[in-house]
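Topology and contacts: notes
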Amino acid sequence: MGFDGEVWRVRSGEEAVGEIVIDDVDFPWLAGKFTVGPAYGAVRELFARELALAERDDEAHRQEWEAAYDEIRHRVSLFSPDGPVPEFLLHIEQDRAWFRWSDEPFTD
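Everything numeric here is computed off the predicted structure, so don't read it as measured data.

Turning our attention to the overall build of the protein chain. Looking only at helices and strands, the protein chain features 2 helices and 7 strands. The linear arrangement of helices and strands in the protein chain, starting from the amino end, is β-β-β-α-α-β-β-β-β. Relative to the 2.2 N^0.38 estimate, which gives 13 Å for 108 residues, the radius of gyration of the protein chain is 13 Å and therefore close to what a compact globule would have. Seen through its C-alpha atoms, the protein chain measures out along the principal axes to roughly 40 × 30 × 25 Å.

Given below as structure tokens:
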């Protein structure tokens, strides 16, 4: 699908959280090597918590996961090579990141 080698960026305001170089495509998911940026330290624990809750995948923890992910969406933005992405689901673990996105905002 032409995504291999693309560089996607994660930002917190004007600060770089990191970059993702795409090396695996299982559409709609993209994955790649994550390189930490200067603002990653401020959100590292948030991504760790979100992923731990997502891996539990039970109804008892769904609200906690949603709250954690809402905080991620509030604190970071995802940018494709063409610009900002309106909606996304992003996971970061060590030097790997995987995500899916939408060109249109989700409706509630």
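What follows concerns the packing of helix α1 (residues 44-56) against helix α2 (residues 59-75). At a minimum axis distance of 9 Å, the contact between α1 and α2 shows a crossing angle of 150 degrees. Judged by the angle between their axes, α1 and α2 are roughly antiparallel. Taken as a pair, α1 and α2 cross one another with a handedness that is left-handed. Here Leu46, Phe47, Arg49, Glu50, Leu53, Ala54 and Arg56 of α1 lie close against α2, whose contacting residues are His61, Glu64, Trp65, Ala68, Tyr69, Glu71, Ile72 and Arg75. Counted by class, the contact of α1 with α2 contains 8 nonpolar, 1 polar and 6 charged residues.

The next point concerns the packing of aromatic side chains. Summed over all chains, the structure comprises 8 aromatic pairs. Pairing Trp8 with Phe99 gives two aromatic rings, centres 4.8 Å apart and planes at 50 degrees, and the pair type is tilted. One end of the pair, Trp8, is in strand β1 (residues 7-12); the other, Phe99, is in strand β7 (residues 96-102), with 91 residues separating them in the sequence. We note that Trp8, like Phe99, is buried. Relative to Trp101, the ring of Phe99 has its centre 6.4 Å away and its plane inclined at 55 degrees; by these criteria the two rings are tilted. Here Phe99 falls in the buried class, since its relative accessible area comes to 0%. Among the residues examined, Trp101 registers a relative accessible area of 21% and is labelled partly exposed. Ring-pair connections join several aromatic residues into one group, and the members of that group are Phe3, Trp8, Phe27, Phe99 and Trp101.

Attention now moves to the pairing of strand β2 (residues 15-26). For β1 and β2, the ladder comprises 6 bridges, and the chain directions are antiparallel. Bridging across to β2, Val10 finds its partner in Gly18. From the end of β1 to the start of β2, which pair antiparallel, there are 2 residues, and Gly13 there has a positive phi angle of about 65 degrees. Sheet topology places β2 next to strand β3 (residues 29-36); 8 bridges connect them, and they run antiparallel. Residue pairing in the sheet places Val21 in a bridge with Lys33 of β3. Connecting β2 to the antiparallel partner β3 that follows it, the hairpin turn spans 2 residues.

So, how was this worked out
- Residues numbered from 1 in each chain as written.
- Predicted model: local features only at pLDDT ≥ 70, side-chain atom pairs only at ≥ 80, totals over all residues.
- Heavy atoms only, no water.
- Helix = DSSP H or I, 4+ residues; strand = E, 2+ residues; numbered from the N terminus.
- Rg over C-alpha atoms; globule rule 2.2 N^0.38 Å.
- Axes fitted to C-alpha atoms, helices over the stretch in contact; angles between N-to-C directions.
- Parallel < 35°, antiparallel > 145°, perpendicular 65-115°, else oblique.
- Left-handed = near helix turned anticlockwise from the far one by under 90°.
- Contact = heavy atoms within 4.5 Å.
- Nonpolar A, V, L, I, M, F, W, Y, C, P; charged D, E, K, R; others polar.
- Phe/Tyr/Trp six-rings, centres within 6.5 Å; stacked < 30°, edge-to-face > 60°.
- Buried < 20%, exposed > 50% of the residue type's maximum accessible area, 1.4 Å probe, protein only.
- Pairing = 2+ DSSP bridges.

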